[in-house]
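Results of the structural survey
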Amino acid sequence: MKKIVLILLICLIFAGTVIVCFKGFNVGLPYKSNINISVYVGKKIEDKDMQEITKEVFKGKQAIVQKVELFEDMISITTEEMSEEELNKLNEKYEKEIKDEEIEIVHNPKVKLSSLIKRYILPFGISTIAIVIYQMIRFKKLGATKTLLTTIIVLMLIGLTYASLIAITRIPINKFIIPIGMAIYVITIIVLNMKYEKKLEENK
């Protein structure tokens with residue numbers, strides 16, 4: 001059974017690697033090259049307005065619409081690009097002509113995934129080293145080298161499987177991807193420690 005699971009994981013990781021090499025990850029809008037448009041509309045913006053703007057003005061396009069300013073009379077729109085037609089639809093929505101001086105446009109460059117990951121490498125590296133040292137001491141009766149190799153291999157398999165699933169399913173890379181990965185990391189360590197504790201009890 002274990003061999004079958006291992007073979008399936010290796011196949012999954014291989015498929016994910018091929019997709020990443022040829023297509024890359026599906027990057028979410030905040031990490032793509034985008035524009036952020038702040039528009040003063042002169043009236044309080046309701047929550048339902050933001051949903052309507054996303055559906056009607058930017059129909060079929062990725063767009064993030066948020067309220068800004070204390071009086072909630074300004075909206076921030078993040079999208080890949082905005083056409084004159086979409087601006088006209090926005091004018092119609094608020095029954096006014098939005099002037100150039102009422103629009104602030106910021107062009108954001110594409111965010112490299114490597115730059116997002118870099119900030120987590122050192123903390124994760126230090127944490128993993130500390131955990132492995134603890135395991136080698138705590139479970140030395142199970143074999144320090146065996147414990148070390150098992151933990152590293154399992155963490156690598158789980159991490160690569162997670163990344164492969166993201167690539168294969170084309171889930172957009174967003175702010176939740178890394179926290180979910182961290183949660184999987186913690187759960188994996190807990191499960192491994194529970195398994196080692198059980199084996200230690202059996203060997204007494």
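Quick note: structure is the one above.
Residues numbered from 1 in each chain as written. Predicted model: local features only at pLDDT ≥ 70, side-chain atom pairs only at ≥ 80, totals over all residues. Heavy atoms only, no water.

Our next topic: the side chain of Thr151. Looking at the element boundaries, Thr151 is found in helix α5 (residues 144-169). The exposure class assigned to Thr151 is buried, which follows from its relative accessible area of 0%. Residues in contact with Thr151, not counting those within four places in the same chain, are Val132, Gln135, Leu192 and Tyr196. (Helix = DSSP H or I, 4+ residues; strand = E, 2+ residues; numbered from the N terminus. Buried < 20%, exposed > 50% of the residue type's maximum accessible area, 1.4 Å probe, protein only. Contact = heavy atoms within 4.5 Å.)

Here helix α4 (residues 113-138) contains 26 residues, and its C-alpha end-to-end distance of 36 Å stays within 8% of the 38 Å for a straight helix at 1.5 Å per residue. The largest bend in α4 comes to about 35 degrees, at Tyr120, with the proline Pro123 one to four residues further on. Residues of α4 that are buried: Leu116, Val132 and Gln135. On its buried face, α4 sits against α5 and α6 (177-202). (Expected span 1.5 Å × (residues − 1). Bend = angle between axes of the 7 residues up to and from the residue.)

A few words now on the layout of surface pockets. Space inside the largest pocket adds up to approximately 890 Å³. Every element with two or more residues in the lining of the largest pocket is listed here: α4, α5 and α6. Residue composition of the lining of the largest pocket, by class: 21 nonpolar, 5 polar and 2 charged. Of the volumes computed, that of the second largest pocket is approximately 590 Å³. For the second largest pocket, the lining is made up of 18 residues, of which Lys2, Thr150, Val154, Leu192 and Lys195 are closest to its centre. Ranked by residues supplied to the lining of the second largest pocket, first place goes to α5 with 7 residues. Classifying every residue of the lining of the second largest pocket gives 11 nonpolar, 3 polar and 4 charged. (1 Å grid on protein atoms, 1.4 Å probe; cavity = no way out; pocket = protein on both sides within 12 Å on 5 of 7 lines; lining within 4 Å. Points joined across faces, edges and corners; volume = space filled by probe spheres on them. Nonpolar A, V, L, I, M, F, W, Y, C, P; charged D, E, K, R; others polar.)

With antiparallel pairing, 4 strands are arranged side by side in an open sheet as β2-β3-β1-β4. In this open sheet, the two edge strands, each paired with only one partner strand, are β2 (63-68) and β4 (103-108). When the angles between neighbouring strand axes are averaged without regard to direction, this sheet yields 15 degrees. In this sheet, β4 lies alongside strand β1 (residues 34-40) in antiparallel orientation, the contact comprising 6 bridges. Of the residues in β4, the one forming a bridge with Ile35 is His107. (Pairing = 2+ DSSP bridges. Axes fitted to C-alpha atoms, helices over the stretch in contact; angles between N-to-C directions.)

Following the sequence through the fold, Ser164 ends up in helix α5. Here the side chain of Ser164 touches Leu160 through a polar contact of 2.7 Å, landing on its backbone oxygen. Discounting chain neighbours no more than four positions away, the residues touching Ser164 are Leu12, Ile13 and Gly16. (Polar contact = N/O pair within 3.5 Å; in protein donor to acceptor, adjacent residues only side chain to side chain.)

Residues Ile37, Val39, Ile53, Phe58, Ile75, Ile77 and Leu90 are the most contacted members of the largest nonpolar core, which totals 16 residues. Those elements giving two or more residues to this core turn out to be β1, α2 (47-57), β2, β3 (74-79) and α3 (84-93). Counting 7 residues, the second largest nonpolar core, distinct from the first, contains Tyr31, Leu116, Ile166 and Ile177. (Core = buried A, V, L, I, M, F, W, Y, C linked by side-chain atoms within 4.5 Å.)

Moving on to the packing of helix α1 (residues 2-22) against α5. Between α1 and α5, the shortest axis-to-axis distance is 8 Å and the interhelical angle comes to 50 degrees. By the criterion of interaxial angle, the relationship of α1 to α5 is oblique. Considering how the two elements wind past one another, α1 and α5 form a crossing that is left-handed. Touching Leu6, Leu9, Leu12, Ile13, Ala15, Gly16, Ile19 and Val20 of α1 are Leu157, Leu160, Thr161, Ser164, Leu165, Ala167 and Ile168, all from α5. Here the contact of α1 with α5 is composed, by residue class, of 12 nonpolar, 3 polar and no charged. (Parallel < 35°, antiparallel > 145°, perpendicular 65-115°, else oblique. Left-handed = near helix turned anticlockwise from the far one by under 90°.)

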